[in-house]
Amino acid sequence: MSHPKYKRVVLKLSGEALAGEQGFGLEPKIIKNVANQVKEINSLGVEVAVVVGGGNIWRGKIGSEMGMDRATADYMGMLATVMNSLALQDSLEQIGVDTRVQTSIEMRQVAEPYIRRRAIRHLEKKRVVIFAAGTGNPYFSTDTTAALRAAELEAEVILMAKNNVDGVYNSDPKLNKDAKKYENLTYLEILNEGLGVMDATASSLCMDNNIPLIVFSITEDGNIKKAVLGENIGTIVRGK
């Protein structure tokens, strides 16, 4: 059996990745596939924390088009991430993976509140921990949440699973067939070139804490395991 390169990882899932080709809502087949891939690396002894986005249910852009207050729109987005997290938790537990959802906004009837030491203890017991409701604050993205949780939990890498994109390109590969894919990048290059892998706050946080990032496609089976084993997939972003 191959030995994983990383002991503790943060998996960042966009809401769009859970929506599949339909682009909105939840696609059961996709969620089950993600759950099976998470189980696969969990069974290798890897400690897995997951940060889930909510763009498949609610996007702040919709709120702005409605003239909605930014903070209100962001809180609605946080609630969307809770729905996605519970759906993923259910899929994981259906296949026998012990899972806990922790939220940055207290909702005790639904999930545990986020407590760093408790989260670490769950990971040490090989439970998958899903972080919902972002940072609990408006104006911060779930990318920033992934960077923050990775730093707090001393995760060795952030695995950023994208929908139908297999890495970082210098332009949108769906619109430009000549788009160049990067194999390796630094966070400084991402910030200077405005590549849009993650927002500036998240990139700076990862850079400051020297947390590597692997960007890859979630749609190909086994990619999470390949990333954990250190295989050359997607794009690797490093702090230095």
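The coordinates are above.
Residues numbered from 1 in each chain as written. Predicted model: local features only at pLDDT ≥ 70, side-chain atom pairs only at ≥ 80, totals over all residues. Heavy atoms only, no water.

Draft legend 1. Structural detail: unusual backbone geometry. Notably, A133 is not glycine yet its phi reads approximately 70 degrees, a positive angle. Position of A133 relative to the elements: it lies in the loop between β5 (128-132) and α6 (142-153). Phi at Y139 takes a positive value of approximately 75 degrees, unusual for a residue other than glycine. With respect to the helices, strands and loops of the structure, Y139 is situated in the loop between β5 and α6. (Helix = DSSP H or I, 4+ residues; strand = E, 2+ residues; numbered from the N terminus.)

Draft legend 2. Structural detail: the packing of α6 against helix α8 (residues 200-208). Closest axis-to-axis distance for the α6/α8 pair is 8 Å, and the angle between their directions is 15 degrees. By the criterion of interaxial angle, the relationship of α6 to α8 is roughly parallel. You can see that α6 and α8 cross each other, and the crossing is left-handed. In contact with D143, T144, A147 and L148 of α6, α8 contributes T201, A202, L205 and C206. The residue inventory of the contact of α6 with α8, partitioned by class, reads five nonpolar, two polar and one charged. (Axes fitted to C-alpha atoms, helices over the stretch in contact; angles between N-to-C directions. Parallel < 35°, antiparallel > 145°, perpendicular 65-115°, else oblique. Left-handed = near helix turned anticlockwise from the far one by under 90°. Contact = heavy atoms within 4.5 Å. Nonpolar A, V, L, I, M, F, W, Y, C, P; charged D, E, K, R; others polar.)

Draft legend 3. Quick peek at the pairing of strand β6 (residues 157-162). Counting buried residues along β6, five of its six residues qualify, which places the element largely inside the surrounding structure. As paired elements, strand β1 (residues 8-13) and β6 share five bridges and run parallel to each other. Note on β6: the bridge partner recorded for K12 is M160. Alignment of β6 against strand β10 (residues 213-217), held across five bridges, turns out to be parallel. Of the residues in β10, the one forming a bridge with A161 is F216. (Buried < 20%, exposed > 50% of the residue type's maximum accessible area, 1.4 Å probe, protein only. Pairing = 2+ DSSP bridges.)

Draft legend 4. Structural detail: the layout of surface pockets. Looking at the largest pocket, its volume works out to about 830 Å³. Considering the residues around the largest pocket, the lining is formed by 37 residues, among which G54, G55, R59, S141 and T142 are closest to the centre. Going through the elements one at a time, β1, α1 (15-19), α3 (60-65), α4 (70-94), α6 and β6 are the ones with two or more residues in the lining of the largest pocket. Among the elements that take part in the lining of the largest pocket, α4 stands out by supplying six residues, more than any other. Here the residues of the lining of the largest pocket are counted per class, giving eleven nonpolar, 16 polar and ten charged. What the second largest pocket holds in volume is close to 340 Å³. Along the wall of the second largest pocket there are 15 residues; nearest its centre are K162, N163, V165, G167 and G196. (1 Å grid on protein atoms, 1.4 Å probe; cavity = no way out; pocket = protein on both sides within 12 Å on 5 of 7 lines; lining within 4 Å. Points joined across faces, edges and corners; volume = space filled by probe spheres on them.)

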